[in-house]
Amino acid sequence: MVRLHVKRGEENLFLHDTKITAKVEDVLKEILPIFNGRLKVGRICSEMEELMKHGVMNCPEVLELTDEQIAELKIEDPWIEKCIPSGGFLPNPDPIRRRCGRQPMPDMQKVLEKAMADAKELISKKLVDSGKILMLKNVQQALDILRGATMIVYPMELPPHDPIRMELNNTEDLSGTQASLEVIEPTKAQLWFAGRQMIPEDQLKIYVGNNEKCKVIVKLGKCGEGQPGREPVISEETRRELMLKAYRRQEELKVSGKSNVFSIYFPFYLYKKHILSVFFSLWFCCKEIHNTVKSFNSEIFVRSPSDEYFAGRHVGLFH
């Protein structure tokens, strides 16, 4: 079994095991329900947070009306009285008037909160770091946990127009929303490996090799999105560790460099100073010897007879 590390852009999603001889189209059929199921769990948890604060969804007829308009038109929402949370409710009006404003009691809020935490943990991205694979049954288990929590808090079920009930019954309408752009339809799905699009009719081994015990990174995409970004040579965590080691090494070299320079040049400094002192001492001695010899020669010098003769002639001629 080859292990696929599925990503969407630069975002880690989950790990999936499949056969090396499986076709790419079969791999997409296995991966897409897990990918879209994770999105569904995220949307339900987002709506359940609003359910904890402001109660069930208002009917579509009163969503864009004010209280005066509702009273004037005498519009009543029958589901508000039917869908009362267990143990009663607390008034908490919705500022955008999307929900009825009947907040469940604190103990029921804890039930919903715990269910959301458990569901998110089952499909968490941290499973990638721990090396655990995510299967479709895990996604279905997360949906069952959320469904059970809503049944505990609202035994009469939620209104049919509530997004949570629609999501759990697979009758949601995502047209015109941001969520519709995140969902990938099977007919528009693409799988990429190493900057190369994988042809649906090809076997997986054509792209990743014949090694069954390998782990590769594949990226999901849509038709028309183009080639996703290539994976970096090293991960971000590894890059930070290398930069930290390089910085520490640089600081160590700075400290050791100063001591090395001092230890290398200090003997030359002392040697140069010693040579200069010796040179000036010799120069001073030579100068003293020269002065002494010069003064001694001037005292004991005696002219020869020839010098006196030539000196006398010289004097006589001029006189």
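This text goes with the structure placed above it.
Residues numbered from 1 in each chain as written. Predicted model: local features only at pLDDT ≥ 70, side-chain atom pairs only at ≥ 80, totals over all residues. Heavy atoms only, no water.

1. Overview of the overall build of the protein
Of the regular secondary structure elements, the protein holds eleven helices and seven strands. In the protein, which comprises 319 residues, the proportion classed as buried is 31%. For the protein, the exposed surface amounts to about 21,500 Å²; the carbon and sulfur share of it is 59%. (Helix = DSSP H or I, 4+ residues; strand = E, 2+ residues; numbered from the N terminus. Buried < 20%, exposed > 50% of the residue type's maximum accessible area, 1.4 Å probe, protein only. Areas by Shrake-Rupley, 256 points an atom, 1.4 Å probe, with all protein chains shown as cover.)

2. A short note on the packing of helix H1 (residues 24–54) against helix H4 (residues 106–122)
Packing of H1 against H4 leaves a shortest axis separation of 10 Å and a crossing angle of 165 degrees. Taken together, the axes of H1 and H4 are roughly antiparallel relative to one another. When you trace H1 past H4, the crossing you get is left-handed. Contact with H1, carried on its side by Val41, Cys45, Met48, Glu49, Leu51 and Met52, involves Gln109, Leu112, Glu113, Met116, Ala119 and Lys120 of H4 and no other residues of that element. Here the contact of H1 with H4 is composed, by residue class, of eight nonpolar, one polar and three charged. (Axes fitted to C-alpha atoms, helices over the stretch in contact; angles between N-to-C directions. Parallel < 35°, antiparallel > 145°, perpendicular 65-115°, else oblique. Left-handed = near helix turned anticlockwise from the far one by under 90°. Contact = heavy atoms within 4.5 Å. Nonpolar A, V, L, I, M, F, W, Y, C, P; charged D, E, K, R; others polar.)

3. Some details on the pattern of salt bridges
Enumeration according to the criterion identifies 17 salt bridges in this entry. Glutamate 47 serves as the salt-bridge partner of arginine 98, at 3.0 Å between the closest nitrogen and oxygen. Of this pair, arginine 98 sits in the loop between strand E3 (89–91) and strand E4 (102–104) while glutamate 47 sits in helix H1, placing them 51 residues apart in sequence. Arginine 165 is paired through a salt bridge with glutamate 157; the nearest N and O atoms lie 3.4 Å apart. (Salt bridge = Lys/Arg side-chain N within 4 Å of Asp/Glu carboxyl O.)

4. Considering the environment of cysteine 59
Turning to its location among the elements, cysteine 59 is positioned in the loop between H1 and helix H2 (67–73). Using a relative accessible area of 7% as the deciding quantity, one classes cysteine 59 as buried. When near neighbours in sequence (up to four residues on either side) are disregarded, cysteine 59 contacts Asp77 and His161.

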